[in-house]
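Letter by letter, the chains look like this.
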Protein chains: 2
Amino acid sequence: MRKEVIKFKNPPSIISSASVVGRREHEGPFGNKFDIYDEKDSFGMPTWEQSEGEMQRQALNLALSKASLKPCDIDAIFAGDLINQCTSSSYGLLDFDIPYFGLYGACSTCAESLLLSAMAVSSGSFEHCAAVTSSHNCSAERQFRFPLEYGSQRTPTSQWTATASGAFIVSSEGKGPHIVEAMGGISTDMGIKDANNMGAAMAPAAISTLSRYFTATDTKPTDYDKIITGDLGFEGYGIVIDIMGKQGYDMRPVYTDCGLVIYDRQAQDMHAGGSGCGCSAALMASHFLDEIRKGIINDVLFIGTGALLSQMSVQQGLSIPGVAHLVRIKGEL
Amino acid sequence: MRKEVIKFKNPPSIISSASVVGRREHEGPFGNKFDIYDEKDSFGMPTWEQSEGEMQRQALNLALSKASLKPCDIDAIFAGDLINQCTSSSYGLLDFDIPYFGLYGACSTCAESLLLSAMAVSSGSFEHCAAVTSSHNCSAERQFRFPLEYGSQRTPTSQWTATASGAFIVSSEGKGPHIVEAMGGISTDMGIKDANNMGAAMAPAAISTLSRYFTATDTKPTDYDKIITGDLGFEGYGIVIDIMGKQGYDMRPVYTDCGLVIYDRQAQDMHAGGSGCGCSAALMASHFLDEIRKGIINDVLFIGTGALLSQMSVQQGLSIPGVAHLVRIKGEL
């Protein structure tokens, strides 16, 4: 039988992190926590895909600087994004000349990259890994739904793909925050076919991973200081509280979601909240890791949530599977 | 400074493998080595993307059967394909209920998935991992170039995306073949812009990885029984022999390429050969691993080669980076 939970013997450290965001994310409640932003969302590049790649480049560059490391010190990059063939990662990170492992976990990619970096480092194979992720509203919307120029009306359950990137340096030594445990997500498909309701498509995957984790570790939500899902937004957040409650787990005292909090619901009107792999990556790389570093919170579950749809799978009438990877991060061991 | 070569302390075993191919691959020189084929290339599914997913499902199913394992014995799947958002993997492997890590390494994905499976198993985190990859001519051609219905003329350097899938079970115990070493590829872009010349776009990445590996290990090509690249085809194969020769490495005595050999050049006229992540996955999972199991060859370098283009990056006029991951496989330690 499968080992459900990965317990890292020598818990790797996240020795540095950096975040890069666009205008709307900068105008949101956590605006001043992000390291870099561009008022025009273009980051000086001629296409949105290249803008997104440039965000990854800037995020990794800054994370390296903060850790006083050079590209040649990094054993491997684990990176991905939402764009077809992970174009933003491939091109954005090309100039670093670091061994490159491309990932596709949709919006769960930040957690997937942290999990695999931690595994690679704790195995002794590598000393320093970089985990890098991004999303960009303009590149994602035209790929998955409509080009922005159409000005399509958005449904109430739709989320706003965040223009955001986060980079993390995961190392075998360092004072923390530490990645102490992890759990890979099992893809879960509950028959949701609405590509404008990602929260409902991804919530079952988050519920699956959380239930498996609590059962395997014999713990409950309030054993942790905070439980953070990636980008379920208002729809998915409510579903998680509801269904987990029915399973006997009261999530409410400790539960938050990056998509829920990245924008100001009153002032910014982003409908069901934020989404995209950059949403959780930027918030984890800034606000939440800062809180752990400062000791405000110490024991955190981060569950990246991804919807494994493609434009073609939607056009072919298939329902949307979700996947949710978990990493447990502790400030002090 | 970076550790170039990963040396696995307890070399994981590839305890079973399975291959699934389409009609043209079955008609090729290795046709009777593949486990499963479908004369219609559709595998009973209504769309090409679902046909490709079904190939992955059948490949993993058979690999599990050969190893007498059940899905619940597998700790994680590392899988990917060429289709946008890795649709074939996400949907094809959904029903197994195994933790799922999506990868995007273009045609290098087979080597990437073997490398990460080996790392995960040798780290002690997992006992059994599955590495699964596929490509399908019909889904790939309409996505990257032209829909088949156009009947476009193909250029002499173009390769035929193989309709093929391979699955491997990588385990902490077993009698081999063993994955003893690995090296992550550094993305390499030499300015090739022709989306119909994948061999030229990927060859520099293979050359980069081979040079780094020979330098780091102080070895030369003839120290190995066979060196197998993924899908460089006739163009890329020639470039590798040429440039490696100029660097002082005579590849000719031991070098082959899956894209070069999967079709019969005279009888099948596939232009520059085969390509796609399934090309190397199916040949490694059948013919080459069989040769290692039988002791015909014992010490093999397998270098998966991927071109990190997307339809959009080509349309935007960008050149095509390549990446090449290496795994060293030995029959007896």
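### Some points on the packing of helix H2 (residues 48–66) of chain A against helix H5 (residues 137–144) of chain A
All names here are of chain A. Contact geometry for H2 and H5: axes closest at 8 Å, N-to-C directions at 135 degrees. In this view, H2 runs oblique relative to H5, as classed from their interaxial angle. The interaxial crossing formed by H2 with H5 has left-handed handedness. Of the residues in H5, those in contact with Trp48, Glu49 and Glu52 of H2 are Cys138, Ser139 and Arg142. Among the residues making up the contact of H2 with H5, the classes are represented as two nonpolar, one polar and three charged.

### A word on helix H4 (residues 109–122) of chain B
All names here are of chain B. A rise of 1.5 Å per residue sets the reference length of H4, with its 14 residues, at 20 Å; its end C-alpha atoms lie 19 Å apart and thus fit the reference within 8%. The element H4 is extensively covered by neighbouring structure, given that 14 of its 14 residues are classed as buried. Two residues or fewer after H4 comes Gly124, characterised by a positive phi angle close to 90 degrees.

### Here we look at the relation of the copies chain A and chain B
Between chain A and chain B, the superposition needs a rotation of 180 degrees and an axial shift of 0.0 Å, giving an RMSD of 0.0 Å. Here the two chains are linked by the operation of a two-fold rotation axis. Taken as a fraction of all interface residues of chain A, those also at the interface in chain B reach 100%, which identifies the copy contact as same-surface.

### Description of the layout of surface pockets
The volume enclosed by the largest pocket comes to roughly 390 Å³. What lines the largest pocket is a set of 24 residues, among which A:Asn84, A:Gln311, B:Asn84, B:Gln143 and B:Gln311 lie closest to the centre. Elements with a contribution of two residues or more to the lining of the largest pocket: H5 and helix H11 (311–315) of chain A together with helix H5 (137–144) and helix H11 (311–315) of chain B. Looking at which element gives the most residues to the lining of the largest pocket, the answer is H11(B), with four residues. Put simply, the second largest pocket is a space of about 330 Å³. Around the second largest pocket, the lining is made up of 22 residues, and of these A:Ser122, A:Ser123, B:Ser122, B:Ser123 and B:Gly124 lie nearest the centre. If you list the elements that add at least two residues to the lining of the second largest pocket, you get strand E1 (6–7) of chain A together with strand E1 (6–7) of chain B. Each residue belonging to the lining of the second largest pocket can be placed in one class, and the counts come to six nonpolar, 10 polar and six charged.

### Digging into the side chain of A:Ser313
Here A:Ser313 shows up in helix H11. Assessed through its relative accessible area of 1%, A:Ser313 is described here as buried. Here A:Ser310 takes part through its backbone nitrogen, which lies 2.9 Å from a polar atom of the side chain of A:Ser313. Other than its neighbours up to four places away in sequence, A:Ser313 contacts A:Leu318, B:Thr87 and B:Tyr91.

### Side note on the pairing of strand E10 (residues 226–229) of chain A
Residues and elements named next belong to chain A. Pairing analysis gives four bridges linking E10 to strand E13 (residues 299–307), with the strands arranged parallel. Residue pairing for E13: Lys226 is matched across the bridge by Val300. Where E10 meets strand E11 (residues 255–257), three bridges bridge the pair, whose relative direction is parallel. Bridge pairing links Ile228 to Thr256 in E11. In this view, the connection linking E10 to its parallel neighbour E11 by way of helix H7 (residues 233–246) has right-handed handedness.

### A word on the interface of chain A and chain B
In this complex, chain A contributes 63 residues to the contact, which on the side of chain B involves 63 residues. Between chain A and chain B, roughly 5,200 Å² of surface is buried when both sides are summed, and carbon and sulfur atoms account for 58% of that area. For chain A, the biggest contributors to the area lost against chain B are A:Arg2, A:Gln85 and A:Tyr91; these three give 15% of the whole. If you look at where chain A meets chain B, you find zero salt bridges. Here chain A is connected to chain B by 34 residue pairs in polar contact (both at pLDDT 80 or more). Contributing elements (two or more residues each) for the side of chain A that touches chain B: H2, helix H3 (87–92), strand E5 (100–102), helix H4 (109–122), H5, H11 and strand E14 (322–330) of chain A. If one sorts the elements of the side of chain A that touches chain B by residue count, H4(A) sits on top with five residues.

### Quick word on the side chain of B:Ser135
Checked against the element boundaries, B:Ser135 lands in strand E6 (residues 128–135). At a separation of 3.0 Å, a polar atom in the side chain of B:Ser135 contacts the main-chain amide nitrogen of B:Gly278.

### Thoughts on the packing of helix H6 (residues 198–217) of chain B against helix H7 (residues 233–246) of chain B
Residues and elements named next belong to chain B. As a packed pair, H6 and H7 sit with axes 8 Å apart at the nearest point and diverge in direction by 40 degrees. Handedness of the crossing formed by H6 with H7: right-handed. For the pair H6 and H7, contact is made by Gly199, Ala200, Ala203, Ala206, Ile207, Leu210, Ser211 and Phe214 and by Glu235, Gly236, Ile239, Val240, Ile243 and Met244, respectively. The class makeup of the residues in the contact of H6 with H7 is 10 nonpolar, three polar and one charged.

### Points about the pairing of strand E2 (residues 13–21) of chain B
Residues and elements named next belong to chain B. Burial runs high along E2: eight of the nine residues are buried. By the bridge criterion, two bridges tie E2 to strand E3 (residues 36–37) in an arrangement that is parallel. Residue pairing across strands places Val20 opposite Ile36, the latter belonging to E3.

### Overview of the pattern of salt bridges
Residue and element names in this part refer to chain B. Taken as a whole, this structure holds 26 salt bridges over all chains when the rule is applied. Close ionic contact of Asp35 with Lys66 constitutes a salt bridge, the shortest N to O distance being 3.0 Å. With Asp35 in the loop between helix H1 (23–27) and E3 and Lys66 in helix H2 (residues 48–66), this pair connects stretches of sequence that are 31 residues apart. The class of Lys66 is partly exposed, set by a relative accessible area of 42%. Here Arg145 and Glu141 are joined by a salt bridge, their closest N and O atoms 3.1 Å apart. Among the residues examined, Glu141 registers a relative accessible area of 11% and is labelled buried.

Cut-offs and rules
- Residues numbered from 1 in each chain as written.
- Chains lettered and ligands numbered in written order.
- Predicted model: local features only at pLDDT ≥ 70, side-chain atom pairs only at ≥ 80, totals over all residues.
- Heavy atoms only, no water.
- Axes fitted to C-alpha atoms, helices over the stretch in contact; angles between N-to-C directions.
- Helix = DSSP H or I, 4+ residues; strand = E, 2+ residues; numbered from the N terminus.
- Parallel < 35°, antiparallel > 145°, perpendicular 65-115°, else oblique.
- Left-handed = near helix turned anticlockwise from the far one by under 90°.
- Contact = heavy atoms within 4.5 Å.
- Nonpolar A, V, L, I, M, F, W, Y, C, P; charged D, E, K, R; others polar.
- Expected span 1.5 Å × (residues − 1).
- Buried < 20%, exposed > 50% of the residue type's maximum accessible area, 1.4 Å probe, protein only.
- Least-squares fit on C-alpha atoms with pLDDT ≥ 70 in both.
- 1 Å grid on protein atoms, 1.4 Å probe; cavity = no way out; pocket = protein on both sides within 12 Å on 5 of 7 lines; lining within 4 Å.
- Points joined across faces, edges and corners; volume = space filled by probe spheres on them.
- Polar contact = N/O pair within 3.5 Å; in protein donor to acceptor, adjacent residues only side chain to side chain.
- Pairing = 2+ DSSP bridges.
- Right-handed = clockwise from strand over helix to strand, strands pointing away.
- Buried area = accessible area lost by both parts, 1.4 Å probe.
- Salt bridge = Lys/Arg side-chain N within 4 Å of Asp/Glu carboxyl O.

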